[in-house]
Amino acid sequence: MKPAPHRAGHVAVIGRPNVGKSTLVNALVGAKVSIVSNRPQTTRHRLLGIATFPEGQLLLVDTPGIHRGEGKQTSTAMHRMMNRAARGALEGVDAAVLVVEAGRWDEEDTLAFEALREAGVPVVLAVNQVDRIRDKTALLPYLQAAAEGRDFAAVHPVSALKRKGLDSLVAALLALMPEQPAQYGEDEITDKSQRFLAGELVREQLMRQLGAELPYATTVEIESFTVDGTMLRIGAVIWVEREGQKAIVIGKGGARLREIGTKARQAMERLFDSKVFLETWVRVRAGWSDDEAALKTLGYE
Ligand SMILES: Nc1nc2c(ncn2[C@@H]2O[C@H](COP(=O)(O)OP(=O)(O)OP(=O)(O)O)[C@@H](O)[C@H]2O)c(=O)[nH]1
Ligand SMILES: [Mg+2]
């Protein structure tokens, strides 16, 4: 018997904000390459998560959630850039995963589906968060309705958080990949630099620890990143839009900023497997999120 051929290729991970795209990418890669929070619009950049299996390699393109560009909070230059990054991720991929939340399908899910249909790539539907569905008999009619009239290559109920159903999702995706050798070494997990990931891990804490709309007025710039013996020395600037926001990020006696820095440093030490010395500063740059030129200098595509 001939052994099964090795397959490898690019898979765009697409869906509305907050459905679990980044959680799914991390689960498949087996490491935290993409930041996660319970707030929509956590991911702002395209990022490659490399998932290597004996049978093949999936190059998973995590993307910002596709959202309606309406309303004050979702129509800035940054939001347009995020939608562009998500749609642009479809160029040249071999397949896509449309991630939706079990039991729910709204206008933005349709928007994401339409983007995939226009791109004309084969699409696997991943119905995520099935762990939250108590009554499993409710799942079947949902799966049928979701697939109705939409030409999915496969439909897979999964839980990215509990790592359920992932093997069959991987098999379905690998079947759509071209026959070719691995494109990256087996110890590679992302195309992004440690410097980029460090900034993201600070931003993850901003998403998690700041309330209301404040996370959306913040971004992180890594000002310095140096290797010092066995230690990484990292300097991060947290940019906000107004003085009042700066006071909130710093918190009473600096408590909030300390907590953000501690959690981000711990996450960096886990991901980089190295000791990290992290310094953080908060600075004001009025209107950065709606300023194309400012976005460029702050590292947005
Ligand atoms: N219960 C449950 N929660 C999940 C699952 N997958 C993701 N979540 C949670 O859903 C929230 C959003 O997850 P993310 O992975 O950041 O979602 P995303 O689609 O990448 O969101 P954006 O980057 O904002 O577009 C987080 O609180 C996750 O812990 C799942 O399978 N089950
Ligand atoms: Mg994400």
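Right, let's walk through the structure included here. Residue indices begin from 1 for each chain and proceed along its sequence in written order. Lettering of chains starts at A and numbering of ligands starts at 1, both following the order in which they are written. With pLDDT at 70 or above as the cut-off, local features in this predicted model cover only qualifying residues; side-chain atom pairs require 80 or more to be listed or tallied, and sums for whole chains, interfaces and linings still use all residues. Think of the side-chain values as coming from all heavy atoms in the structure, minus any hydrogens and water.

## A short note on the coordination of the magnesium ion (ligand 2)
Counted as donors are N, O and S atoms no farther than 2.8 Å from the metal, or 3.2 Å for Na, K and Ca; water is not among the atoms, and sites may therefore look incomplete. All of the protein donors around the magnesium ion (ligand 2) are S22 (OG) and T43 (OG1); their distances to the metal are 2.0 to 2.1 Å. With a gap of 21 residues between them, S22 in helix α1 (residues 21–29) and T43 in the loop between α1 and β2 (47–53) connect regions that are remote in the sequence. Only runs of H or I of at least four residues qualify as helices and only runs of E of at least two qualify as strands under DSSP, and these elements are numbered from the N terminus.

## Re the pattern of salt bridges
Between Lys or Arg on one side and Asp or Glu on the other, a salt bridge is scored when a side-chain nitrogen of the former is within 4 Å of a carboxyl oxygen of the latter. Applying the stated rule across the entire model yields 18 salt bridges. For R16, the salt bridge identified is with E101, shortest N-O distance 3.1 Å. A residue pair is termed long-range when its members are at least 10 positions apart, and R16 in the loop between β1 (7–14) and α1 and E101 in strand β4 (residues 95–101) qualify at 85 residues. Comparing R16 with E101 shows no difference in burial state: the two are buried. Between R117 and E114 there is a salt bridge, and its shortest N-O distance comes to 2.7 Å. Working definition: with a 1.4 Å probe on protein chains only, accessible area under 20% of the residue-type maximum means buried, over 50% means exposed, and in between means partly exposed.

## A word on the nonpolar core
Definition of nonpolar core: a set of buried residues of the types Ala, Val, Leu, Ile, Met, Phe, Trp, Tyr and Cys, connected through side-chain atoms within 4.5 Å. Among the nonpolar cores identified, the biggest contains 56 residues, and L58, L60, V202, I234, I238, V249 and M268 are the most heavily contacted of them. Three or more residues apiece are contributed to this core by two domains, here domain 1 (7–175) and domain 2 (194–297). Contact criterion: two residues are considered in contact whenever any of their non-hydrogen atoms come within 4.5 Å of each other. Ignoring any residue separated from it by four or fewer positions in sequence, one finds V249 in contact with L206, L210, L214, I238, V240, R256, L257, I260 and V282. Judged by nonpolar contacts, the second largest core, of 30 residues, contains L48, V93, L98 and V121. As used throughout, domain bounds are those supplied by an automatic or database domain assignment.

## Quick look at the environment of V124
Inspection of the secondary structure assignment puts V124 in strand β5 (residues 123–128). For the pair V124 and L98, spaced 26 residues apart in sequence, the C-alpha to C-alpha distance is 6.2 Å. In this view, V124 contacts A96, V97, L98, A153, A154, H156, L169, L173 and L176; residues no more than four positions away in its chain are not counted.

## Quick notes on the packing of α1 against helix α5 (residues 166–175)
Look at α1 against α5: their axes get within 11 Å of each other, and the N-to-C directions meet at 90°. In terms of orientation, α1 and α5 fall into the roughly perpendicular class. Along the contact surface, α1 presents L24, A27 and L28, while α5 presents L166, L169 and V170. Under this grouping Gly is polar, as are all residues other than the nonpolar Ala, Val, Leu, Ile, Met, Phe, Trp, Tyr, Cys and Pro and the charged Asp, Glu, Lys and Arg. The class makeup of the residues in the contact of α1 with α5 is 6 nonpolar, no polar and no charged. A fitted line through C-alpha atoms represents every axis, and for helices the fit uses only the stretch in contact; the resulting angles, taken between N-to-C directions, go from 0 to 180 degrees. Geometric relationships in this document are graded by angle, where less than 35 degrees denotes roughly parallel, more than 145 denotes roughly antiparallel, 65 to 115 denotes roughly perpendicular, and other angles denote oblique.

## Regarding the site of ligand 1
Consider each residue's heavy atoms; a residue with any of them within 4 Å of a molecule or strand counts as near. Taken together, 23 residues surround ligand 1, and among them K21, T23, Q41, T42 and D131 come closest. As used in this structure description, the phrase polar contact means that two N or O atoms lie within 3.5 Å; if the pair is within protein, one of them must be able to donate a hydrogen and the other to accept it, and residues adjacent in sequence are counted only when both atoms belong to side chains. One of the side-chain nitrogen or oxygen atoms of D131 is found 2.7 Å away from a nitrogen atom of ligand 1. Only the protein chains shown count as covering a residue, and every accessible area follows the Shrake-Rupley method with a 1.4 Å probe. In isolation ligand 1 offers 650 Å² of accessible surface; the protein chains occlude 90% of this area. When residues in the shell around ligand 1 are grouped by element, the largest group, 3 residues, is from α1. Residue classes in the shell around ligand 1 are distributed as 6 nonpolar, 13 polar and 4 charged.

## Description of the pairing of strand β7 (residues 219–228)
Think of it this way: DSSP has to see at least two bridges between two strands before they count as a pair. With 9 bridges joining them, β7 and strand β8 (residues 231–240) adopt antiparallel strand pairing. Residue pairing for β8: T219 is matched across the bridge by W239. Here β7 hands over to β8 after 2 residues, with G229 in that stretch at a positive phi of 65°.

## A few points about helix α4 (residues 139–147)
Listing the buried residues of α4 in full gives L139, Y142, L143 and A146. Along the long axis of α4, the arc covered by the buried residues comes to 100°, so they all point the same way. Exposed residues on α4 whose side chains face more than 90 degrees from its buried face are L140, Q144 and A145. Packing partners of the buried residues in α4 comprise β4, β5 and β6 (154–157). Following α4 by one or two positions, G149 has its phi on the positive side, about 75°. Read the arc as the range of directions from the helix axis to the C-beta atoms.

## Observations concerning the sheet that holds β7
Read from one edge to the other, the open sheet built from 3 strands follows the order β7-β8-β9, with strand pairing classed as mixed. Whereas interior strands pair on both sides, the edge strands pair on one side only; in this sheet they are β7 and β9 (275–284). Pairwise comparison of adjacent strand axes, ignoring direction, gives a mean angle of 15° for this sheet. With respect to the sheet, helix α7 (residues 243–250) is in contact with β8 and β9, its orientation differing from that of β9 by roughly 150°.

Geometry only, nothing functional implied.
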